[in-house]
Structures are given as C-alpha cells and as structure tokens.
Amino acid sequence: LAHATMEVLNCSVRPTYTGGALSGLEIWAPNQSAMSVVATANFVAPSLTPAQITVHTTFLGGGLGRKIEQDYISQAVQVAIAVGRPVKLTWMREEDFGHDQYRPMATIRVRAGLDAAGNITAWWYRNVSPSILQQRGRPGLDSQAVEGSVRLLYARALSLTEWVPLPSGIPVGFWRSVGASINAFAVESMIDMLAIAAGRDPFAFRAGLVSDKRYLDLLAAADAASSWRKTLAANHAWGVAVAESFGTLVCEVIEISAPTAGAVVIHRVAAVVDCGTVINPDSVEAQIQGAIIHGLTAALWGEMKFVNGVASQGNF
C-alpha cells in the first residue's frame, strides 16, 4: 500500500549566508518529526549547528507515516545549498506513488484449536513479511511486524507467535498504525472463524475469551450501537472486529451487501472507541471517520502492484 496522502511531499528551504559562508537554514515542511528534519539538514550541511537550523512545521495534509521520512527534506536542502537561494520543492503525484516507502506486503497463517466449551486451547500465528526496521539497518526482531499479534487479550492455553523476515527490493515504511493494520485483520478473521466453528455469536464468543473490563465495555457499547444488524435486509451481511493500537481500543461493526459478483456496497458502520481521556471529542470523531474511509480504501482499492521493481500505479 502507498500512503497516498492528499498533500504530496513538499519542502521549502531558505539558506542564509554571512561573509559568503552558509550561516543558516530555514525550512518549511509538513513533517512528523521536526527534530529529524533538523538532523537531516545538519547531515547535508555539517558546517552548521542545530541552533542555526529553523524548522517551521506546516499543517499536515495527511501524514500517515510517510512524512516521518526525510527524502523530500534532504532533496530540498541539497538544492537550496547548491543554488544558494530559496527553493520550493513539490513532488508530482506520480513521483509520490512511484517513490513511496510502502506498507509491507504480508502472508499470514493462523492455526488454532478449540475445546468443547469454546475455549482456545492452542494458537499458532506466523507472519511472513519484509522488515521496515531491518531495511533501516536495525537487525533482529522487527517490533513493527508483530504489532497487533502479540499481547492479545483473548485467553489462549498455548500460544506461539512467529515472524519470518522476507527480504524485499521494495522500500517499506511506517503506514498508518503500522503492524496493527496487517495483523489485526488476520487475528480478527481467525477469531470469527473460531466463533463459527464453535457455533456462537461473534460478540458472545469474543466476550467469553476476555476478562479485561475495557474490552468488555467496548464490546457491550458496540453491541448496543449496532442493534440494526439483527434485522438486516435480504442479502445483507455484517461483521465485527476489535483492535488495539497505541493504547486505544476500537470496535467496529459494518453492514455490507454484494449486489453483483466482485462488487461490495458499504451500507453503514458503527464504531466505538476507548482512547482514554478525551480532550476534544470532535477531533476523535473526525479521526475515526477518516480511519473508516482509509481502511475501506486500503482493503478495496489501495493495492500497489510492481512490475520489474517499478510501481504500476501513478495516481489515484
């Protein structure tokens, strides 16, 4: 998946000179780490001290993990120093799609056992995917690869989670929620399959595996918010999933239909969020609305294909 932020990558840089020597850099950029921008500029211009580099973080037209990267910052700084005057860099959309740090592809296999009471007796989970951290020179276990698949709240008598690195020539990076966006789907799909095998309602099955009060309260609220699922129109279906990421719990229930083969119509989504103390409820609501749309886009239309190492898609 590409990040495909609405605002393409851009950066403006103004160098200053004293006695003909570079004495400062002023940078305007949408970014997710101002200190990283300083470090990048300092690497390009080692004669400066960090105090001589000023970063103006502009309002972000979508970050989603892409704008923590530093390639577009480095480009603009290098050109500004080379020409000795202010430079404004704006990537074309085609460059944005073709030179992203993509969300890793993954193949995941899950196997599990149930007893007669519907308890999970064994759980084996294996994720095979390229490593974000190993591509950045950090060996060993990639914590990003297993996010959303370890420390699950579901009770399991025996449990094993494995990650197998799959080296890839495609650059991969931190895509919104990182590992949770991959693993939560696989985990919740398996939980649904187990619920079917146990002959139980997906809500009741999940509640029976969990003792955490936050989770149970979330599930109860989602149950109440999606009462419409009990009287669906003909040929409509519903599904539920719960995920935890960065300390926030979310449960969503979705109603769909498939009027023709290969076509999916989304009718409604109920979402319940426990993110702890809420300062601005409107901001949380907007975040979840955007996340629902983003998730649907990723699942239905966002796939990036590569031919001979080159991205096939150049635009939306």
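Attention here is on the structure that accompanies the text.

Cut-offs and rules
- Residues numbered from 1 in each chain as written.
- Predicted model: local features only at pLDDT ≥ 70, side-chain atom pairs only at ≥ 80, totals over all residues.
- Heavy atoms only, no water.
- Helix = DSSP H or I, 4+ residues; strand = E, 2+ residues; numbered from the N terminus.
- Polar contact = N/O pair within 3.5 Å; in protein donor to acceptor, adjacent residues only side chain to side chain.
- Buried < 20%, exposed > 50% of the residue type's maximum accessible area, 1.4 Å probe, protein only.
- Pairing = 2+ DSSP bridges.
- Axes fitted to C-alpha atoms, helices over the stretch in contact; angles between N-to-C directions.
- Contact = heavy atoms within 4.5 Å.
- Salt bridge = Lys/Arg side-chain N within 4 Å of Asp/Glu carboxyl O.
- Phe/Tyr/Trp six-rings, centres within 6.5 Å; stacked < 30°, edge-to-face > 60°.
- Core = buried A, V, L, I, M, F, W, Y, C linked by side-chain atoms within 4.5 Å.

Things to note about the side chain of Asn-127
Here Asn-127 shows up in strand β6 (residues 120-129). For Asn-127, the side chain forms a polar contact with the side chain of Ser-129, separated by 2.8 Å.

Here we look at unusual backbone geometry
Phi is positive for Ser-177, which is not a glycine, with a value near 75°. Phi at Asn-308 is positive, roughly 55°, even though this residue is not glycine. Take Asn-308: it is sitting in the loop between β11 (306-307) and β12 (310-311). The class for Asn-308 is exposed, based on a relative accessible area of 78%.

Brief notes about the sheet that holds strand β2 (residues 21-29)
Here four strands make up an open sheet; going across it, the order is β3-β2-β1-β4 and the pairing mixed. The sheet is open, and its two borders are formed by β3 (53-57) and β4 (87-90), each paired with just one other strand. Within the sheet, the average angular offset between the axes of one strand and its neighbour, ignoring direction, is 15°. Two strands pair when backbone bridges link them, and β2 and β3 are joined in this way by five bridges, in the parallel orientation. Within β3, the residue paired with Ile-27 across the bridge is Val-55. Across the sheet, helix α1 (residues 34-44) lies against β2 and β3, angled at about 140° from β3, the strand it touches most. Set on the sheet, helix α2 (residues 71-83) makes contact with β1 (10-18), β2 and β4; between it and β1 the angle comes to about 35°.

Here's the deal with the environment of Val-150
Position of Val-150 relative to the elements: it lies in the loop between α5 (143-146) and β7 (159-165). Note: C-alpha distance between Val-150 and Ile-288 (138 residues apart in sequence) is 24 Å.

Quick notes on the pattern of salt bridges
Under the definition given, this model contains 13 salt bridges. For Arg-14, the salt bridge goes to Glu-26, with nearest N and O atoms at 2.7 Å. Placement of Arg-14 in strand β1 and of Glu-26 in strand β2 is noted, with a sequence separation of twelve residues between them. The salt bridge partner of Asp-192 is Arg-206, with a shortest N-O separation of 3.0 Å.

Remarks on the packing of aromatic side chains
All chains considered together, the criterion is met by four aromatic pairs. Between Tyr-102 and Phe-306, the aromatic rings sit 5.0 Å apart at their centres with planes inclined by 85°, giving edge-to-face as the arrangement. Of this pair, Tyr-102 sits in the loop between α3 (93-98) and β5 (107-114) while Phe-306 sits in strand β11, placing them 204 residues apart in sequence. The class for Phe-306 is partly exposed, based on a relative accessible area of 27%.

Some details on the environment of Thr-161
Relative to the helices and strands, Thr-161 resides in strand β7. For the pair formed by Thr-161 and Arg-93, sequence separation is 68 residues and the distance between their alpha carbons is 38 Å. Look past the residues within four positions of Thr-161 in its chain and what remains in contact with it is Tyr-125, Ser-149 and Val-150. Only 3.5 Å separates the side chain of Thr-161 from the backbone oxygen of Ser-149, close enough to count as a polar contact.

Considerations on the nonpolar core
With 28 residues, the main nonpolar core has Trp-123, Tyr-154 and Ile-191 as its most contacted residues. Put simply, the parts of the chain that give this core at least two residues each are β6, α6 (179-198), α7 (202-208), α8 (213-225), β8 (236-245), β9 (248-257) and β10 (265-274). Membership of the second largest hydrophobic core comes to 20 residues, among which are Ala-45, Ile-53, Ala-76 and Val-77.

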